[in-house]
Amino acid sequence: MSNVRVRFAPSPTGALHIGGVRTALYNYLFARQNGGKMLLRIEDTDSNRFVPGAEEYIIESLKWLGIEIDEGVGVGGEHAPYRQSERKDIYRKYVDQLLNDGKAYIAFDTPEQLEAKRNEIKNFQYDATTRGMMTNSLTLDAEEVKSRIANGENYVVRIKIEPGEEVEVDDLIRGKVVINSSIIDDKVLYKSADNLPTYHLANIVDDHLMEITHVIRGEEWLPSAPLHVLLYRFLGWADTMPRFAHLPLLLKPQGNGKLSKRDGDKLGFPVFPLEWTDPKTGEKSKGYREEGYLPEAVINFLALLGWHPSSDQEMFTMDELIKEFSLDRVSKSGAKFDFEKGKWFNHQYLEKKDNKDLAVYLKKELDARGIKATDENIAKAAGHAKARANFANELWEQASFFFIAPESYDEKTVKKRWKVETPEIMSQLYTVLEKIEDFSLENTEKIVTKWIEEKGYGMGAVMNPLRLALVGESKGPHMFDITEILGKEETLRRLKKAIEVIPVSE
Ligand code: GLU
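Note that this is a predicted model, so its numbers are computed, not measured.

**Here we look at the overall build of the chain**
When helices and strands are tallied, the chain shows 19 helices and 15 strands. In terms of overall dimensions, the chain is more spread out than a globule: its C-alpha atoms have a radius of gyration of 33 Å, far above the 23 Å expected for 506 residues. Referenced to the eigenvectors of the C-alpha coordinate spread, the extents of the chain come out at roughly 110 × 50 × 40 Å. Taking all 506 residues of the chain together, 51% fall into the buried category. Expressed as a percentage of contacts within the chain between residues at least 6 apart in sequence, the contacts between residues at least 24 apart total 72%. Carbon and sulfur atoms make up 49% of the accessible area of the chain, which totals about 24200 Å². The distance from the centre of the 70 positive side-chain charges to the centre of the 82 negative ones in the chain is 2 Å.

What follows is the structure, encoded as structure tokens:
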């Protein structure tokens, strides 16, 4: 058994962005490949940004996509609880440890005071150069600090960064990143007002306690990594610090900047896995699931946004991805969100689907219209429609003519195909079809073709108007696939009506 343990640690601040889904996926692939564990931790220490329903949304999204959680929220495990708001007492202990060791200090500066300093000093940063002029346990005497706390004054605990040190982050994707500690500020680690740690402290404490071995997360967290390295050291955990891997950004389709929800709205693609309704504004956002995407297609598409396999293979099942995935082949530079490619993947997976499975989408539409059809025919119709659809919800559009007779006939096609001699040829064809007992594709095709040859009619002179009569326009699969699914009775009914109502063209 490997001891690889990774975590997906979203903050429940809204719908899970598709970039977050990719982070979850890469963590999952890495865990499975190494026979390790995938954890789900909810980082909800920022109560101002908490959005109800977001946690449930995250869990449902992962489930839909087949990203399985071994340990964490919704599953449990030996390090429970996995929701940070339920771990307050755990964090407080480490806050005290840092304070006792002189690695952190207490600060009383009010938001107004901080604002005043920012106005007074250009590019103000709370750090070694400024902390001496602020209201904190380094500038006040111990008695005053005690009495302020006893009086219930709010305070924060800040990390005490020593300036002038080269802090190294050894990233599995980016290599060594070195940052001078002088540019890191004395970040807030804890707030007495809600007795909660900030993201930085909670994240490090939990990664340590939950024995996380690899932190695989979005590039936006890279700037925090040096601070995290220092925190591990200050807490005495440098030896068991996880390895970092910061994933490249997802870029707009044109490659100019970070992919945003607005790009999706503008160009008509979802940036969320599932539909999402903002509980505050009521605003609805599209989701891949509701837009008719198959989870396998979304997984395949996302896997290749930032990672490339060793061959030029494009289609990967989850199991194949688990075998092939490697952090070595995750690129450093951002990945363009090629939405057209996403559609292409969905089409590929739709075509691979069993016709019987796709039949449910047609069945729903048929039921809604009270149309009866055999399961076999519905499956066959789905089989033809899937070649022409990118999404499951386009199947009906491609298959409805199998079940609903044309009410009108495409004008252009009528002009081109329904000639003076057509009604007579169609009437003869009607008689031929009427005599066929076995209406299977092969038999009907054989008999009709033979008849056309004997009569010396052109193939097109028969097939084109027949298609117009049965479908109403010039689309659809092979002619005798259509007659087979329609069956004899319906084929004859449609043909008869066409002969009666379609006007001839010179
Ligand atoms: N809670 C952070 C987020 O929402 C987690 C960052 C990390 O993985 O360390 O992305």
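**Observations concerning the site of the ligand**
All residues adjacent to the ligand are Arg7, Ala9, Pro10, Ser11, Glu43, Tyr199, Asn203, Arg217 and Trp221. One of the side-chain nitrogen or oxygen atoms of Glu43 is found 2.7 Å away from a nitrogen atom of the ligand. Within the side chain of Trp221, an N or O atom sits 3.3 Å from an oxygen atom of the ligand. A molecule is said to occupy a pocket when more than half its atoms come within 2 Å of that pocket's grid points, and by this definition the ligand occupies the largest pocket.

**Quick word on the side chain of Lys117**
Mapped onto the elements, Lys117 comes out in helix 4 (residues 111-120). Each residue touching Lys117, except ones within four places of it in the same chain, is listed here: Phe124, Met133 and Met134.

**Points about helix 6 (residues 199-209)**
Among the 11 residues of helix 6, 9 are classified as buried, and the element is accordingly described as predominantly covered. Among all positions in helix 6, only Tyr199, His200, Leu201, Ala202, Asn203, Ile204, Val205, Asp206 and Asp207 are buried. Taken together, the buried residues of helix 6 touch strand 1 (5-8), helix 3 (88-100), strand 8 (188-191), strand 9 (196-197), strand 10 (214-218) and helix 7 (225-234). Once helix 6 finishes, Glu211 follows within two positions and takes phi at roughly 55 degrees, a positive value.

**Remarks on the layout of surface pockets**
In this structure, the largest pocket spans a volume of roughly 1200 Å³. Considering the residues around the largest pocket, the lining is formed by 47 residues, among which Ser11, Thr13, Arg49, Glu220 and Trp221 are closest to the centre. For the lining of the largest pocket, the secondary structure elements donating two or more residues are strand 1, helix 1 (18-33), helix 6 and strand 10. Top contributing element to the lining of the largest pocket by residue count: helix 1, with 5 residues. Tallied by class, the residues present in the lining of the largest pocket amount to 19 nonpolar, 14 polar and 14 charged.

**Details of the side chain of Gln398**
With respect to the secondary-structure elements, Gln398 resides in helix 14 (residues 395-403). With residues near it in sequence (within four places) discarded, Gln398 still touches Ala385, Arg388 and Ala389.

**Some thoughts on the pattern of salt bridges**
In the structure shown here, the tally under the stated rule is 41 salt bridges. In this structure, Asp206 engages Arg41 in a salt bridge whose closest nitrogen and oxygen atoms are separated by 3.8 Å. A residue pair is termed long-range when its members are at least 10 positions apart, and Asp206 in helix 6 and Arg41 in the loop between strand 2 (37-40) and helix 2 (54-65) qualify at 165 residues. Take Asp206: its relative accessible area is 0%, and that puts it in the buried class. The class for Arg41 is buried, based on a relative accessible area of 0%. With its nearest N and O atoms 2.5 Å apart, the salt bridge here joins Lys341 to Glu314. You can see Lys341 sitting in helix 11 (residues 339-352) and its partner Glu314 sitting in the loop between helix 9 (295-303) and helix 10 (318-324), a full 27 residues away along the chain. What makes Glu314 partly exposed here is its relative accessible area of 32%. Because the salt bridges share partners, they merge into one network encompassing Arg7, Arg41, Glu43, Arg87, Asp206 and Asp207.

**A short note on the pairing of strand 2**
Alignment of strand 1 against strand 2, held across 4 bridges, turns out to be parallel. Considered in strand 2, the bridge of Arg5 is made with Lys37. Sheet topology places strand 2 next to strand 3 (residues 71-72); 2 bridges connect them, and they run parallel. Bridge assignment links Leu39 to a residue of strand 3, and that residue is Glu71. The β-α-β motif built from strand 2, the intervening helix 2 and the parallel element strand 3 has right-handed crossover chirality.

Cut-offs applied
- Residues numbered from 1 in each chain as written.
- Predicted model: local features only at pLDDT ≥ 70, side-chain atom pairs only at ≥ 80, totals over all residues.
- Heavy atoms only, no water.
- Helix = DSSP H or I, 4+ residues; strand = E, 2+ residues; numbered from the N terminus.
- Rg over C-alpha atoms; globule rule 2.2 N^0.38 Å.
- Buried < 20%, exposed > 50% of the residue type's maximum accessible area, 1.4 Å probe, protein only.
- Contact = heavy atoms within 4.5 Å.
- Areas by Shrake-Rupley, 256 points an atom, 1.4 Å probe, with all protein chains shown as cover.
- Lys, Arg positive; Asp, Glu negative; His and termini not counted.
- Charge placed at Lys NZ, Arg CZ, Asp CG, Glu CD.
- Near = heavy atom within 4 Å.
- Polar contact = N/O pair within 3.5 Å; in protein donor to acceptor, adjacent residues only side chain to side chain.
- 1 Å grid on protein atoms, 1.4 Å probe; cavity = no way out; pocket = protein on both sides within 12 Å on 5 of 7 lines; lining within 4 Å.
- Sits in = over half its atoms within 2 Å of the grid points.
- Points joined across faces, edges and corners; volume = space filled by probe spheres on them.
- Nonpolar A, V, L, I, M, F, W, Y, C, P; charged D, E, K, R; others polar.
- Salt bridge = Lys/Arg side-chain N within 4 Å of Asp/Glu carboxyl O.
- Pairing = 2+ DSSP bridges.
- Right-handed = clockwise from strand over helix to strand, strands pointing away.

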